[in-house]
Amino acid sequence: MELDTIIRAHQIGKQFDGVTVLQAFDMELKRGEIHALMGENGAGKSTLIKILSGIYQPDQGILEFQGQPVKIANPSRAHKLGVYTVHQEPAMLPQLSVAENIFMGFHPHKRFIFRWVDRKQMNSQAAALFQRLGITIDVKQKAGTLTIAQQQMVEIAKALIHDVKVLILDEPTATLSVHEADILFEIVRRLSDEGTSILFVSHRLEEVFALSSKITVLRDGMQVGTYPTAEMDEKQLVSLMVGRDVELERFRHERIERKDPVLQVKKLTHAGGRFHDISFDLYPGEIVGFAGLVGSGRTDIAEALFGIQEAASGEIRLDGKQIRIPNVKQALGNGIAYIPEDRHKHGVALEMDIASNTSLPSLEQLSRSGVIQFSKEKELADRMIKDLQIRAVSAKQKVGELSGGNQQKVVFAKWLARHPKIIILDEPTRGVDIGAKKEIHRMIHELAMDGAAVMLISSDLPEVLNLADRVVVMREGKIMAEVIDEEINEVTIGSYAAGVHA
């Protein structure tokens, strides 16, 4: 083994309930290397990351760290070795400050008679860290007030306060704008130049080709191979990941009969100023894309329409009749469903099984005299697992044990079971591989073909171009433009979103 190899995995295997999720896996990660780990959701990537992070223990095989066999028994042991993971879903303590979250368990201290946290030094070090990262975040503000993109940057900052030898990035740009992703890439390249090894997981193929020098591909828990990035192209990589050729279809159909809108939003303004004077219509059978940079107010509008946030003024009409949506129950009663951007916060209960999650919005229909009919619940869950191709041991498997993409399919399942007339999709394919993305795109298209009005919020511009019949472009809480037909293209949408359209 070469001396510059930091981590070597040899014949690593892992099973859950007798099901093999990782088999005979081999990989070497060298000093200063940016090494991409690719595969569909459920291919075994998350399992490998958790083994390297000390969350799971392998059932077979050997891990070596700098040439010596090692057992990474827990995350603390991983940290002592210099292995840190930035997970796809940020883990913040919302009531603590940004600086307190960064230094949790490693606070600088003062000692006089008693030992206490040196907040001045902690805040100063946190501020210096963000200056190094090239971003501006108030280190004294509560973490719960941050956007998901900002929380992701805090997660990276947490790792960088230590002597990092291996940094594992699991879908780090899933919630970042293009500008924020560019900043992250600069940081990653700088760390690589300084000798830090990077294991990079992303479903955005263009990022993998821009950053990595090697790519290891997993499929169905087995290693397909490791390849120099320079010798691959996107089509070859996708074929290796899924075992077949996959291309995203263009589902957009421009001939929509816009007669009677199912939903009319007029001059809607947020109580806290997050959006202003928002007006648009949704028609049955139409997919309306909402494009814009992170923080443009799209999610706030979605949450106002679903009763999570409050609008200060304006009106909402359903089938021509003015309504109020003060809470989620009222939204559900009006036939509105919402698949959120943050699936862990609003989408699924991770400790509950697939069947329980799938049935949550439909308990009245699945109950008799207030008692859940578990046979009907299981029937519903089994049907959704089959229809949405959810990779799971059974309907009784906990959602928290599934990959991110399969968790997202469970979120879809729980709302599709209600047959909504309006469905709001906020970043519906975030953290989803290209094979699952194609399946979800087809589901969205079929929802519209069945007569649902679809509001599609996505930072993935190709996704908007492939699916949307009409696109509303937002910037800083305001609608900048509504584009249709040949205007639906990257240049027009991007220029309106950036505020530079002539």
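Please refer to the structure placed before this passage.
First, a word on scope: everything that follows refers to the structure included in this document. (Residues numbered from 1 in each chain as written. Predicted model: local features only at pLDDT ≥ 70, side-chain atom pairs only at ≥ 80, totals over all residues. Heavy atoms only, no water.)

To continue, consider the side chain of Glu-286. Within the secondary structure, Glu-286 sits in the loop between β14 (278-282) and β15 (287-292). Within the local environment of Glu-286, its side chain forms a polar contact with the side chain of Arg-470, the two groups lying 2.8 Å apart. (Helix = DSSP H or I, 4+ residues; strand = E, 2+ residues; numbered from the N terminus. Polar contact = N/O pair within 3.5 Å; in protein donor to acceptor, adjacent residues only side chain to side chain.)

A few words now on the packing of helix α14 (residues 404-416) against helix α15 (residues 434-449). Following both chains from N to C, one finds α14 and α15 inclined at 15 degrees, their axes separated by 12 Å at the closest point. The orientation of α14 with respect to α15, classified from their angle, is roughly parallel. The chirality of how α14 crosses α15 is left-handed. Contacts between α14 and α15 involve Lys-409, Phe-412 and Leu-416 on the former and, on the latter, Ala-436, Glu-439, Ile-440, Met-443, Ile-444 and Leu-447. (Axes fitted to C-alpha atoms, helices over the stretch in contact; angles between N-to-C directions. Parallel < 35°, antiparallel > 145°, perpendicular 65-115°, else oblique. Left-handed = near helix turned anticlockwise from the far one by under 90°. Contact = heavy atoms within 4.5 Å.)

Spatially, four strands are ordered β14-β13-β16-β17 in an open sheet, and the strand pairing comes out antiparallel. Every other strand in the sheet has two partners, leaving β14 and β17 (321-323) as the edge strands with one partner each. Taking the axes of each pair of neighbouring strands and ignoring which way they run, one obtains an average angle of 20 degrees across the sheet. (Pairing = 2+ DSSP bridges.)

A few words on the pattern of salt bridges. Within the structure shown, the criterion is met by 23 salt bridges. A salt bridge links Lys-30 to Asp-4; its shortest N-O distance comes to 4.0 Å. Remark: Asp-4 occurs in the segment before β1 (5-16) and Lys-30 occurs in strand β2 (residues 19-30); sequence separation between them is 26 residues. Judged by relative accessible area, which is 13%, Lys-30 ranks as buried. Residues Asp-300 and Arg-274 are paired through a salt bridge, measuring 3.3 Å at the closest nitrogen-oxygen approach. One end of the pair, Asp-300, is in helix α9 (residues 298-305); the other, Arg-274, is in the loop between β13 (263-270) and β14, and 26 residues separate them in sequence. Here Arg-274 falls in the partly exposed class, since its relative accessible area comes to 48%. Counted as one network, the salt bridges with shared partners bring together Asp-4, Arg-8, Glu-28, Lys-30 and Glu-64. (Salt bridge = Lys/Arg side-chain N within 4 Å of Asp/Glu carboxyl O. Buried < 20%, exposed > 50% of the residue type's maximum accessible area, 1.4 Å probe, protein only.)

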